Amino acid sequence: MSSTRQRLLDAARDEFAAHGIAGARVDTIAARAGVNKERIYGYFGSKEKLFDAVITEAKAEHAKGIGLPEGDLAEYVGRLYDYHRQHPLLLRLLLWESLHYDDRPVPDQDRRAQGYDEKIAALAHALGTDVDRETAATLFTLLGLAAWPHTLPQLAGFLMPGDTEDRHNALRAHTVAFARRALEHHP
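All values derive from a computational prediction rather than experimental measurement.

What about the overall build of the chain?
- Secondary structure summary: the chain contains ten helices and zero strands in total.
- In the chain, the succession of helices and strands from N to C terminus is α-α-α-α-α-α-α-α-α-α.
- Here the C-alpha coordinates of the chain stretch approximately 55 × 40 × 30 Å along the principal axes.
- For the chain, buried positions account for 39% of its 187 residues.
- Long-range pairs, those at least 24 residues apart, make up 64% of the contacts in the chain between residues at least 6 apart in sequence.
- For the chain, the accessible area works out to roughly 10,600 Å², and carbon and sulfur atoms hold 55% of it.
- Between the mean site of the 23 positive side-chain charges and the mean site of the 27 negative ones, the chain shows a separation of 6 Å.

Here is the structure:
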């Protein structure tokens, strides 16, 4: 990948995470990347396609960073929690994507769905169940448990005031324990 293209993706990630696709400014992205804004159109074609490329790159990093659900599934939820704490921009980008596309299909939907199909299959194998809607719903719930504290950090602070590090340690421990109890009763 060219260094100009990567600089544009890096600058766009920050801008889109802060302002979403509607609020992001092409001029700001180009300036942060140190290039003329026409390079954005040359590499990506449009601001929306640049946004989609940023999402695709972030999702690929996420998939590589956390792997498949296997082994101790409650600790997998803990790894997800840790990943989202260390990489907060991913959740912001996904929220902006959700606001932008609503319930319409997203670009590269089939390929992204395949990645989740692999995770559902790995979870089904780890649970000793079938690949079905119940297993998919379980994965969705486990992902939500790990992501929610980072999606609404202010709410976490209201509910558990005090030192941020202590709150995160307590929330992580609680999330893993909660997932462990829930998975013990999984059909």
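Describing the nonpolar core
- Core analysis: the largest hydrophobic core is formed by 44 residues, its most contacted members being Leu8, Phe16, Ile29, Ile40, Leu50, Val54 and Leu93.
- Setting aside residues up to four positions removed in sequence, Leu8 forms contacts with Ile29, Ala30, Ala33, Val35, Arg39, Ile40, Tyr43, Phe44 and Leu50.

What about the packing of helix α4 (residues 47-66) against helix α5 (residues 73-86)?
- The N-to-C vectors of α4 and α5 enclose an angle of 140°; their axes lie 10 Å apart at closest approach. Overall, the two elements α4 and α5 adopt an arrangement that is oblique. In this structure, α4 meets α5 at a crossing whose hand is right-handed. Residue-level inspection shows Glu61, His62, Gly65 and Ile66 of α4 in contact with α5, the latter providing Tyr76, Arg79, Leu80, Tyr83 and His84.
- Considering only residue class, the contact of α4 with α5 consists of four nonpolar, three polar and two charged.

Notes on helix α1 (residues 3-23)
- Counted at 1.5 Å a residue, the expected span for α1 with its 21 residues is 30 Å, but the 25 Å between its end C-alpha atoms falls short.
- Within α1, the axis deviates most sharply at Ala17, by approximately 85°.
- Buried within α1 we find Thr4, Leu8, Leu9, Ala11, Ala12, Arg13, Glu15, Phe16, Ala17, Gly20 and Ile21.
- Contact partners of the buried residues in α1: α2 (26-33), α3 (38-44), α4 and α6 (88-101).

Section: the pattern of salt bridges
- Following the criterion strictly, the structure yields ten salt bridges and no others.
- With a closest N to O distance of 3.6 Å, Arg32 and Glu15 form a salt bridge. Of this pair, Arg32 sits in helix α2 while Glu15 sits in helix α1, placing them 17 residues apart in sequence.
- Judged by relative accessible area, Arg32 falls into the partly exposed class, the value being 47%.
- A residue is classified by how much of its surface remains accessible, and Glu15, at 2% relative accessible area, is buried.
- Glu97 is the salt-bridge partner of Arg112, the closest N and O atoms lying 2.6 Å from each other. Separated by 15 residues along the polypeptide, Arg112 in helix α7 (residues 109-127) and Glu97 in helix α6 bring together distant segments of the chain. Here Arg112 and Glu97 have matching classes, each one buried.
- Counted as one network, the salt bridges with shared partners bring together Arg13, Glu57 and Glu61.

Things to note about unusual backbone geometry
- The phi dihedral of Asp102 is positive, around 55°, even though this residue is not glycine.
- Within the secondary structure, Asp102 is located in the loop between α6 and α7.
- Under the relative-accessibility criterion, Asp102 is labelled exposed at 61%.

Considerations on the packing of aromatic side chains
- Tallied over the full model, the rule gives two aromatic pairs.
- Summarising the aromatic geometry, the rings of Phe16 and Phe51 are spaced 5.0 Å apart at their centres and angled 85° between planes, so their arrangement reads as edge-to-face. Of this pair, Phe16 sits in helix α1 while Phe51 sits in helix α4; the two residues are 35 residues apart in sequence, bridging distant segments of the chain. Of the two residues, Phe16 and Phe51, both sit in the buried class.

Reading guide: rules and limits
- Residues numbered from 1 in each chain as written.
- Predicted model: local features only at pLDDT ≥ 70, side-chain atom pairs only at ≥ 80, totals over all residues.
- Heavy atoms only, no water.
- Helix = DSSP H or I, 4+ residues; strand = E, 2+ residues; numbered from the N terminus.
- Buried < 20%, exposed > 50% of the residue type's maximum accessible area, 1.4 Å probe, protein only.
- Contact = heavy atoms within 4.5 Å.
- Areas by Shrake-Rupley, 256 points an atom, 1.4 Å probe, with all protein chains shown as cover.
- Lys, Arg positive; Asp, Glu negative; His and termini not counted.
- Charge placed at Lys NZ, Arg CZ, Asp CG, Glu CD.
- Core = buried A, V, L, I, M, F, W, Y, C linked by side-chain atoms within 4.5 Å.
- Axes fitted to C-alpha atoms, helices over the stretch in contact; angles between N-to-C directions.
- Parallel < 35°, antiparallel > 145°, perpendicular 65-115°, else oblique.
- Left-handed = near helix turned anticlockwise from the far one by under 90°.
- Nonpolar A, V, L, I, M, F, W, Y, C, P; charged D, E, K, R; others polar.
- Expected span 1.5 Å × (residues − 1).
- Bend = angle between axes of the 7 residues up to and from the residue.
- Salt bridge = Lys/Arg side-chain N within 4 Å of Asp/Glu carboxyl O.
- Phe/Tyr/Trp six-rings, centres within 6.5 Å; stacked < 30°, edge-to-face > 60°.

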